[in-house]
Amino acid sequence: DAGITQSPRHKVTETGTPVTLRCHQTENHRYMYWYRQDPGHGLRLIHYSYGVKDTDKGEVSDGYSVSRSKTEDFLLTLESATSSQTSVYFCAISEGRMGGDTIYFGEGSWLTVV
Amino acid sequence: DAKTTQPPSMDCAEGRAANLPCNHSTISGNEYVYWYRQIHSQGPQYIIHGLKNNETNEMASLIITEDRKSSTLILPHATLRDTAVYYCIVRVPAAGNKLTFGGGTRVLVKP
């Protein structure tokens, strides 16, 4: 298994509170991604990073921010959680070779906003 | 992004080969075909990928047509543990080199 650790794995939080999910990798891969998965929507990209301090938006980035101050850590922050952000969040990593490398996924973080 | 079309579901018998089709008629020359699967609520698991040539690894074989407009994932001897949602994805090298997931095929392996 790829060296990806997501934390926390499960969290229940109240509407309006800030939440930070952490993705930690031990592979020294350049690219890191955050996806969310909801019933009926499959996996959708929130944000991704292509290096330290280099990030960009995905298709569902509203309400989320990210930071990457070290190669190994990619943080996803919900500044003010809403019920629509209840979801399963997956982190993924890849070396960054264009087209031919493999993206590996973590085991997911289950977030419930009540 | 290049789109893929997969059947929503299929059944296969345990011990038999499972052939999962995927259409990607708008694929460009530098775009790879990737296959992932997701078992229940686990993280997506990488299976195989290819550009032009057929590929084989310990999990599966990938057959890509000569015009690259379609491909087939072959699980040679399906087991009950292969029951999962299988995603065929065309990966675009630009714009984050990301994977864009579609609906996938829900495969049920029956005894």
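Our subject in this report is the structure included herewith.

Conventions used here
- Residues numbered from 1 in each chain as written.
- Chains lettered and ligands numbered in written order.
- Predicted model: local features only at pLDDT ≥ 70, side-chain atom pairs only at ≥ 80, totals over all residues.
- Heavy atoms only, no water.
- Phe/Tyr/Trp six-rings, centres within 6.5 Å; stacked < 30°, edge-to-face > 60°.
- Helix = DSSP H or I, 4+ residues; strand = E, 2+ residues; numbered from the N terminus.
- Buried < 20%, exposed > 50% of the residue type's maximum accessible area, 1.4 Å probe, protein only.
- Disulfide = S-S within 2.5 Å.
- Salt bridge = Lys/Arg side-chain N within 4 Å of Asp/Glu carboxyl O.
- Contact = heavy atoms within 4.5 Å.
- Buried area = accessible area lost by both parts, 1.4 Å probe.
- Polar contact = N/O pair within 3.5 Å; in protein donor to acceptor, adjacent residues only side chain to side chain.
- Core = buried A, V, L, I, M, F, W, Y, C linked by side-chain atoms within 4.5 Å.
- Pairing = 2+ DSSP bridges.
- Axes fitted to C-alpha atoms, helices over the stretch in contact; angles between N-to-C directions.

## Remarks on the packing of aromatic side chains
- The tally for this structure, following the rule as stated, stands at 14 aromatic pairs over all chains.
- Both rings, one in A:Tyr35 and one in B:Phe101, keep their centres 5.8 Å apart while their planes meet at 85 degrees; by these two values the pair is edge-to-face. Taken together, the residues A:Tyr35 in strand β4 (residues 31-38) and B:Phe101 in the loop between β8 (84-91) and β9 (105-110) connect one chain to another. The burial state of A:Tyr35 is the same as that of B:Phe101; both residues are buried.
- Ring centres 6.4 Å apart and planes at 50 degrees place the aromatic pair B:Tyr32 and B:Tyr34 in the tilted group.
- Ring pairs connect the aromatic residues A:Tyr31, A:Tyr33, A:Tyr35, A:Tyr48, A:Tyr50, A:Tyr104, A:Phe105, B:Tyr36, B:Tyr46, B:Tyr87 and B:Phe101, which therefore count as one cluster.

## Considerations on the state of the cysteines
- In total, this model carries 2 disulfides over all chains according to the counting rule given.
- At a sulfur-sulfur separation of 1.8 Å, the disulfide partner of A:Cys23 is A:Cys91. Measuring the twist about the S-S bond at about -70 degrees, one finds the A:Cys23-A:Cys91 disulfide to be left-handed. Here A:Cys23, found in strand β3 (residues 19-25), pairs with A:Cys91, found in strand β9 (residues 87-94); they are 68 residues apart in sequence, far enough to count as distant. The same class applies to A:Cys23 as to A:Cys91, namely buried.
- Disulfide pairing is shown between B:Cys22 and B:Cys88; the S-S distance is 2.0 Å. Taking the sign of the torsion about the S-S bond as the criterion, the disulfide between B:Cys22 and B:Cys88, at about -80 degrees, is left-handed. Of this pair, B:Cys22 sits in strand β2 (residues 18-23) while B:Cys88 sits in strand β8, and the two are 66 residues apart along the sequence. Taken individually, B:Cys22 and B:Cys88 each receive the classification buried, so the pair is uniform in this respect.

## A few points about the pattern of salt bridges
- Tallied over the entire structure, the rule returns 7 salt bridges over all chains.
- One salt bridge connects A:Asp101 with B:Arg91, and the closest N-O pair in it is separated by 2.7 Å. Taken together, the residues A:Asp101 in the loop between β9 and β10 (104-105) and B:Arg91 in strand β8 connect one chain to another.
- On the basis of relative accessibility, which here comes to 0%, the residue A:Asp101 falls in the buried class.
- The exposure class of B:Arg91 is buried, given its relative accessible area of 0%.
- A network of salt bridges, in which partner residues are shared, links A:Arg22, A:Lys70 and A:Asp73.

## Points about the interface of chain A and chain B
- Listed per partner, the contact involves 21 residues of chain A and 19 residues of chain B.
- Between chain A and chain B the total buried area reaches about 1700 Å² when both faces are included, carbon and sulfur atoms providing 55% of it.
- Where chain A meets chain B, there are 1 salt bridge.
- Seen at the junction of chain A and chain B, the total is 6 residue pairs in polar contact (both at pLDDT 80 or more).
- The set of elements that each furnish at least two residues to the side of chain A that touches chain B consists of β4, β5 (42-51) and β9 of chain A.

## Quick notes on the nonpolar core
- Grouped together as the largest cluster of nonpolar side chains are 22 residues, with contacts concentrated most on B:Leu20, B:Trp35, B:Ile47, B:Leu73, B:Tyr86 and B:Val107.
- When residues of this core are traced back to their parent elements, those giving at least two are β1 (9-13), β2, β3 (32-38), β4 (45-50), β6 (61-64), β7 (70-75), β8 and β9 of chain B.
- Those residues in contact with B:Leu20 that sit more than four places away from it in its chain are B:Met10, B:Trp35, B:Ser71, B:Thr72, B:Leu73, B:Tyr86 and B:Val107.
- By size, the runner-up hydrophobic cluster in this structure holds 20 residues, among which are A:Leu43, A:Tyr48, A:Val88 and A:Ala92.

## Thoughts on the sheet that holds strand β8 (residues 73-78) of chain A
Residues and elements named next belong to chain A.
- Read across the sheet, 4 strands follow the order β1-β3-β8-β7 without closing on themselves; strand pairing throughout is antiparallel. A strand with exactly one partner marks an edge of an open sheet, and here the two such strands are β1 (4-7) and β7 (64-70). Across the sheet, the mean angle from the axis of one strand to that of its neighbour is 15 degrees, orientation sign disregarded.
- Of the strand pairs in this sheet, β3 and β8 are connected by 6 bridges, and their pairing is antiparallel.

## A word on the sheet that holds β1(B)
Residue and element names in this part refer to chain B.
- Pairing is mixed across the open sheet formed by 5 strands, whose spatial order is β1-β9-β8-β3-β4. The open sheet has two free edges, formed respectively by β1 and β4, since each of these has just one partner strand. The sheet shows a mean angle of 25 degrees between the axes of neighbouring strands, taken without regard to direction.
- Bridge count between β1 and β9: 5 bridges; the pairing is parallel. Across the sheet, Met 10 pairs through a bridge with Val 107, a residue of β9.

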